[in-house]
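Close look at the chain arrangement
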Number of protein chains: 2
Amino acid sequence: MRRNEFFQLLQERVLFLDGAYGTEFFKRGVNGLIELLNIEDPEEVQKLHREYIEAGSDIILTNTFSANRLKLRAYNLEKDLERININAVKIAKSVSGGKFVFGDISSTGNFISPLGNLDFEEAYEVFKEQASLLIEAGVDGIILETMSDLKELKAAIIAVRDLSHEIPLIAHMTFEADGKTVSGTSIEIFATLMNDLDVDVVGINCSLEPDEMLPVFTKLSELSMKPLCVEPNAGKPILEKGRLSYKTAPKEFAVYMADFIELGANIVGGCCGTGPEHIKVMCKYIGNQKPRKRQVKREQYLSSRTILRPTDTFLVIGERINASGRKKLQTKIQQMDFSQVVELSQLQEQEGCDAIDLNFGIEKLLTHDHFRRAIVELDKRSSLPVSFDIQNLQFLESAMREYAGRGLINSAFAREDHLEERIRLLKKYGGMLIVLAMEKHVPETAQQRFKIAMKAAEILKDHDVDLERVYFDPLVLPAGAKNDYHTTLKAIELMNRAGLKTSIGLSNLSFGLANRESVNAAFLALCIEKGLSAAILNSAEATTMNVLRGALQLKGKEPAKTEQVIEDEL
Amino acid sequence: MRRNEFFQLLQERVLFLDGAYGTEFFKRGVNGLIELLNIEDPEEVQKLHREYIEAGSDIILTNTFSANRLKLRAYNLEKDLERININAVKIAKSVSGGKFVFGDISSTGNFISPLGNLDFEEAYEVFKEQASLLIEAGVDGIILETMSDLKELKAAIIAVRDLSHEIPLIAHMTFEADGKTVSGTSIEIFATLMNDLDVDVVGINCSLEPDEMLPVFTKLSELSMKPLCVEPNAGKPILEKGRLSYKTAPKEFAVYMADFIELGANIVGGCCGTGPEHIKVMCKYIGNQKPRKRQVKREQYLSSRTILRPTDTFLVIGERINASGRKKLQTKIQQMDFSQVVELSQLQEQEGCDAIDLNFGIEKLLTHDHFRRAIVELDKRSSLPVSFDIQNLQFLESAMREYAGRGLINSAFAREDHLEERIRLLKKYGGMLIVLAMEKHVPETAQQRFKIAMKAAEILKDHDVDLERVYFDPLVLPAGAKNDYHTTLKAIELMNRAGLKTSIGLSNLSFGLANRESVNAAFLALCIEKGLSAAILNSAEATTMNVLRGALQLKGKEPAKTEQVIEDEL
Ligand SMILES: [Zn+2]
Ligand SMILES: [Zn+2]
Ligand SMILES: [Zn+2]
């Protein structure tokens with residue numbers, strides 16, 4: 001199946017997925033690794049597939065949930081990796097009768113660093129290996145299920161897409177009732193990153209019963225710009241006669257699933273505890289429906305693994321992790337000691353930043369491992385989203401690849417070559433972008449800068465990059481006789497009027513001046529009045545941070561709380 | 001002599017005053033109060049007058065230096081007050097032969113509160129009494145000499161002018177070599193206040209010999225917009241055979257006096273130690289000269305008795321002495337306890353204010369004595385210039401009358417009646433003025449406020465008030481749905497473009513809002529960018545004070561000191 005056909009179908013009607021395999025096989029008396037059935041008892045698998053098809057499933061999943069090298073290794077079954085996966089596809093296809101067969105992939109069972117010891121690239125290879133077998137065996141699509149580590153999901157998505165740009169891809173994570181994965185990633189963060197990544201459908205499955213999953217799915221439906229899939233469990237597992245069983249009856253399950261459709265689900269199915277009867281009743285109860293139109297929030301967010309920061313009001317990017325001219329910090333970074341980097345990140349969070357700019361300066365003395373390790377350390381010990389202030393393209397990619405969140409590229413020149421390199425990274429890893437309003441040299445006038453930004457905007461649009469994801473930097477130069485700060489203000493005004501978001505490197509303004517903090521703060525107020533959307537600044541400057549707040553409040557970008565007013569004769 | 005004739009004459013040529021009477025009579029063997037000669041030995045007086053006339057004096061002074069009621073009381077001569085003064089005029093006129101006779105008035109010998117115990121109004125009455133006698137006896141003008149208390153000089157000036165708007169009036173103070181009076185008033189403060197007051201000539205006399213007086217006079221000549229008079233001593237007094245004598249020879253004295261003429265002196269004469277020979281040699285040496293044209297600094301200053309604050313960069317007026325809604329402060333003020341008022345003034349000076357706004361709020365519970373006493377207390381124990389935020393016109397006049405400096409009236413409505421009342425006070429007591437850009441109600445648009453300000457400017461010009469002395473308040477209202485702060489910004493821009501100075505009450509903006517300090521600070525930056533010249537603000541807001549400095553520096557209103565720049569790879 002081609003992706004656009006799949007997409008077309010998703011617009012036409014709600015599709016039905018199948019139910020569980022694991023819990024259903026256990027119920028039917030299978031013990032041990034169910035994927036072993038693919039080579040030891042293919043008919044048992046075939047039978048369940050057929051029951052799901054007969055129940056009304058439009059899509060069945062291959063019996064390959066745990067059939068990746070690391071999982072199989074735990075069962076000493078590495079040698080059967082190929083057969084298990086290839087047979088699974090064959091079995092499913094043998095009974096699909098024109099319905100779709102999606103290759104099922106789940107976690108390696110190991111956490112990627114920093115949550116565990118698995119290397120991102122190793123996880124990537126494991127997923128690539130399994131996906132490659134499934135695709136070559138002829139699946140119609142791939143579904144990534146029951147993932148609880150955003151970074152692992154990302155590794156899987158990138159692996160699938162490195163194999164094929166044409167295979168339909170569904171990406172799921174599993175959330176707790178509080179709307180977070182066990183590793184602390186919220187449904188909003190998941191939705192936000194998935195909007196960027198090259199997946200066709202996003203969804204949630206497992207862990208929750210339908211009524212618990214509904215509020216989590218509601219948030220997903222509010223933020224996701226992708227078609228949605230959902231597979232709840234059939235209730236909570238109950239230990240009964242030494243076996244786990246699930247108690248949500250098929251009719252009850254079906255009624256719940258109709259709620260998900262009202263919220264905009266495009267594909268509905270069941271996870272643990274659901275069997276063919278659940279799917280059958282659901283399909284009958286729901287029947288042929290057109291998916292609901294959803295109102296999706298267009299707000300842009302940056303995120304780390306655990307922190308989501310909206311950017312619509314104003315984005316404050318802390319500039320303090322900047323090793324330029326700081327020998328001690330440079331040496332530490334060279335020695336892979338990121339303690340100070342982490343400290344500065346934590347400090348900037350306390351100071352009120354939304355994101356931290358990562359500028360190691362001395363790039364020619366570093367390797368891509370420095371950037372990967374830095375990202376892992378920050379993921380582990382700090383929480384703010386990262387702005388990648390990295391010049392070397394390979395290093396930039398290493399950092400973004402390792403990053404468990406939606407970061408910001410800082411920055412691209414407004415030249416086609418420079419932009420295209422970074423657009424490729426945005427599409428592969430997600431995130432936002434700052435584009436400098438210059439090609440090679442700083443244009444003298446605001447009008448020239450504006451013109452260059454508009455040209456860059458056209459290039460971005462030609463490459464299908466939503467301009468909501470992009471900031472344009474009108475360029476701030478050290479204030480003085482040579483550089484009139486009004487040029488920057490005018491450029492902000494022009495860009496803002498044209499609907500472009502703007503971001504500045506505030507501290508450049510006062511480079512070489514006395515009273516830097518005061519000058520920066522005053523200028524920031526002027527910029528915000530002109531419509532500035534973001535700034536990279538020194539959050540240790542209390543005056544700047546206070547004025548920022550005041551300027552935004554004045555501009556009506558933050559609610560002005562009314563305090564008790566003391567009336568008196570005036 | 002009419003004032004305009006005198007003024008005309010001053011433009012045409014340098015006039016010669018006479019020399020000393022006191023030291024010259026002592027030299028001639030007179031003991032005791034020399035004014036007693038007017039009734040006991042008129043011929044002695046006549047003789048010295050004649051010698052000065054013969055030496056070349058264009059103006060001779062009556063022998064009435066100490067002939068005021070308080071000085072005479074010390075000699076038990078109150079009963080002779082009238083005769084001494086009237087005879088003095090008669091004697092001088094009997095020998096003047098067409099030359100001018102100016103009635104000489106000096107200090108009461110008592111300091112006015114807070115320097116001493118003399119009440120301002122009593123001093124005023126003493127001067128009025130003596131001046132009245134001199135004027136009625138037919139002097140051509142009045143000279144106020146050897147004053148060292150600015151407030152006493154002011155009392156004398158007001159007294160003379162309350163008697164006659166037509167009598168030519170010369171006002172002198174006596175300075176030490178450091179350019180300050182013994183009570184700490186600088187030559188600049190003196191010059192600044194005299195520019196406003198209704199005197200024809202300002203000058204300095206006594207205490208210094210010519211070469212010491214020259215730098216002091218230089219400052220006067222740079223700041224004074226009035227014709228200038230100068231009378232140095234003939235050197236330092238030396239105790240010789242039990243008598244003080246002065247050693248600067250007539251020729252040496254004459255050569256020095258030529259320097260004063262180069263600096264723009266319009267009238268030159270001699271004080272202690274000078275006699276007819278000094279005047280004779282001087283007149284001959286200098287001859288008939290046209291007064292020099294001077295370049296006078298047009299900058300406006302506010303001052304207290306001892307502190308001068310320029311207003312051209314930006315004027316910061318502290319709002320913290322505001323008793324509105326503060327019961328405890330109100331009670332203290334009602335009880336004439338100004339300790340907190342003084343503390344707040346001192347605090348605001350530390351916080352960086354140029355002036356303090358005095359707003360007692362509860363005017364209907366106060367008397368004019370509250371304002372007089374407050375001004376005296378502030379004069380005594382704090383130093384910042386005062387902004388009179390006083391609604392009741394009588395109270396406003398009491399405060400200004402008592403004030404030893406150049407204050408600010410805050411404020412007048414832009415209505416002819418309201419303006420004229422305050423213009424009268426400005427002309428009588430000196431100072432600057434804030435005019436609200438409203439007649440009775442706050443105009444909605446910036447254009448309306450601008451129009452009203454321009455109309456007020458016309459009224460002020462019609463009344464010969466230099467617009468450099470006036471701020472226009474574009475009106476700041478609490479920011480919110482009803483009031484768009486852009487109206488104020490636009491009004492500042494329009495007024496600034498028309499060359500009007502502007503001042504705002506900054507804190508009004510954030511009335512009822514959260515984060516007042518931040519909002520105020522941000523708005524102040526926007527206002528300064530539009531050209532704002534002054535603000536009444538809360539200097540306890542560190543953010544506001546920091547941003548103020550930064551915004552001015554950015555605007556190029558303060559020199560941006562270049563700090564050492566750390567170069568590094570960027
Ligand atoms: Zn499940
Ligand atoms: Zn003297
Ligand atoms: Zn004298």
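See the structure shown above.
The structure presented is a predicted model; accordingly, all values stated were derived computationally and were not measured. (Residues numbered from 1 in each chain as written. Chains lettered and ligands numbered in written order. Predicted model: local features only at pLDDT ≥ 70, side-chain atom pairs only at ≥ 80, totals over all residues. Heavy atoms only, no water.)

Looking now at the packing of helix 16 (residues 393-402) of chain B against helix 17 (residues 416-429) of chain B. Residues and elements named next belong to chain B. In contact at an axis separation of 10 Å, helix 16 and helix 17 are set at 15° when each is read in the N-to-C sense. With respect to helix 17, the element helix 16 is oriented roughly parallel. Note that helix 16 runs across helix 17; the crossing there is right-handed. Across the interface between the two elements, Leu 393, Leu 396, Glu 397, Met 400 and Arg 401 from helix 16 touch Glu 421, Arg 422, Arg 424, Leu 425, Leu 426, Lys 428 and Tyr 429 from helix 17. The class makeup of the residues in the contact of helix 16 with helix 17 is six nonpolar, no polar and six charged. (Axes fitted to C-alpha atoms, helices over the stretch in contact; angles between N-to-C directions. Helix = DSSP H or I, 4+ residues; strand = E, 2+ residues; numbered from the N terminus. Parallel < 35°, antiparallel > 145°, perpendicular 65-115°, else oblique. Left-handed = near helix turned anticlockwise from the far one by under 90°. Contact = heavy atoms within 4.5 Å. Nonpolar A, V, L, I, M, F, W, Y, C, P; charged D, E, K, R; others polar.)

All names here are of chain B. Coordination sphere of the zinc ion (ligand 2), protein contribution only: Cys 206 (SG), Cys 271 (SG) and Cys 272 (SG), at 2.0 to 2.4 Å. Positions of the donor residues of the zinc ion (ligand 2) along the chain correspond to the pattern C-x64-C-C. Separating the zinc ion (ligand 2) and the zinc ion (ligand 3) is a distance of 3.8 Å, and Cys 271 donates to both of them. Exposure remark for Cys 271: the relative accessible area of 9% places this residue in the buried category. Classification of Cys 272 by relative accessible area gives buried; the value is 19%. (Donors = N, O, S within 2.8 Å, 3.2 Å for Na, K, Ca; no water. Buried < 20%, exposed > 50% of the residue type's maximum accessible area, 1.4 Å probe, protein only.)

After a rotation of 179° and a shift along the axis of 0.1 Å, chain A superposes on chain B with an RMSD of 0.1 Å. When the rotation and shift are considered jointly, the pair of chain copies conforms to a two-fold rotation axis. Identified as the residue of chain A closest to the rotation axis by C-alpha distance is Thr 543 of chain A, at 2.5 Å. (Least-squares fit on C-alpha atoms with pLDDT ≥ 70 in both.)

If you look at the interface, chain A gives 41 residues, while chain B gives 41 residues. Contact between chain A and chain B buries roughly 3,500 Å² in total, counting both sides, with carbon and sulfur atoms accounting for 56%. At the junction of chain A with chain B, the criterion picks out zero salt bridges. Linking chain A with chain B are 14 residue pairs in polar contact (both at pLDDT 80 or more), by the criterion used here. Sorting the residues of the side of chain A that touches chain B by element identifies helix 19 (485-497), helix 20 (516-529) and helix 21 (542-554) of chain A as the ones contributing at least two each. (Buried area = accessible area lost by both parts, 1.4 Å probe. Salt bridge = Lys/Arg side-chain N within 4 Å of Asp/Glu carboxyl O. Polar contact = N/O pair within 3.5 Å; in protein donor to acceptor, adjacent residues only side chain to side chain.)

Residue and element names in this part refer to chain A. The sheet built from eight strands closes into a barrel, its strands ordered 13-14-15-16-17-18-19-20 with parallel pairing. Taking the axes of each pair of neighbouring strands and ignoring which way they run, one obtains an average angle of 25° across the sheet. The pairing of strand 13 (residues 315-322) with strand 20 (residues 534-537) spans four bridges and is classified as parallel. Bridging from a neighbouring strand, Val 316 pairs with Ala 535 of strand 20. Its contacts with the sheet put helix 18 (residues 446-462) on strand 17 (432-436) and strand 18 (470-473), and the angle it makes with strand 18 is roughly 160°. (Pairing = 2+ DSSP bridges.)

Attention now goes to the environment of Lys 290 of chain A. Residues and elements named next belong to chain A. Examined against the element boundaries, Lys 290 turns out to sit in the loop between helix 12 (276-286) and strand 11 (301-303). Judged by relative accessible area, which is 55%, Lys 290 ranks as exposed. Taking the C-alpha atoms as reference points, Lys 290 and Gly 242, 48 residues apart in sequence, are found 43 Å from one another. Ignoring anything within four residues of it in the chain, the contact list for Lys 290 reads Gln 11, Glu 12, Arg 13 and Val 14.

Glancing now at the coordination of the zinc ion (ligand 1). Residues and elements named next belong to chain A. Ligation of the zinc ion (ligand 1) by protein atoms is provided by Cys 206 (SG), Cys 271 (SG) and Cys 272 (SG), these donors lying 2.1 to 2.2 Å from the ion. We note that the donor set of the zinc ion (ligand 1) lies within a single chain, spaced as C-x64-C-C. Of the two residues, Cys 206 sits in the loop between strand 6 (201-205) and helix 10 (210-223) while Cys 271 sits in the loop between strand 10 (265-268) and helix 12, which places them 65 residues apart along the sequence. On the basis of relative accessibility, which here comes to 13%, the residue Cys 206 falls in the buried class.

The next point concerns the side chain of Glu 529 of chain A. Within the secondary structure layout, Glu 529 of chain A lies in helix 20. No salt bridge forms around the buried Glu 529 of chain A; measuring N to O, its nearest opposite-charge neighbour Lys 555 of chain A is 4.2 Å away. Separated by 2.5 Å, the side chains of Glu 529 of chain A and His 486 of chain B make a polar contact. Contacts of Glu 529 of chain A, omitting those with residues within four sequence positions, involve Lys 555 of chain A together with Tyr 485, His 486, Leu 489 and Leu 526 of chain B. (Lys, Arg positive; Asp, Glu negative; His and termini not counted.)

A few words on the packing of aromatic side chains. Applying the stated criterion across every chain yields a total of 20 aromatic pairs over all chains. Relative to Phe 360 of chain A, the ring of Phe 338 of chain A has its centre 6.2 Å away and its plane inclined at 20°; by these criteria the two rings are stacked. A residue pair is termed long-range when its members are at least 10 positions apart, and Phe 338 of chain A in the loop between helix 13 (327-334) and helix 14 (339-350) and Phe 360 of chain A in the loop between strand 14 (355-359) and helix 15 (368-381) qualify at 22 residues. The pair formed by Phe 338 of chain A and Phe 360 of chain A is uniform in burial state, with each residue classed as buried. Centre to centre, the rings of Tyr 21 of chain B and Tyr 52 of chain B are 5.4 Å apart; their planes meet at 65°, and the pair counts as edge-to-face. Of this pair, Tyr 21 of chain B sits in the loop between strand 1 (15-16) and helix 2 (22-27) while Tyr 52 of chain B sits in helix 4 (residues 42-55), placing them 31 residues apart in sequence. The pair formed by Tyr 21 of chain B and Tyr 52 of chain B is uniform in burial state, with each residue classed as buried. An aromatic cluster is built from Phe 338, Phe 360, Phe 371 and Phe 395 of chain A, whose rings are joined through pairwise contacts. For Arg 401 of chain A, the ring lying beneath its charged end belongs to Tyr 124 of chain A, and the centroid distance is 4.7 Å. (Phe/Tyr/Trp six-rings, centres within 6.5 Å; stacked < 30°, edge-to-face > 60°. Lys NZ or Arg CZ within 6 Å of the ring centre and 35° of its normal.)

Everything listed here is a matter of coordinates, which is why it stays silent on function.
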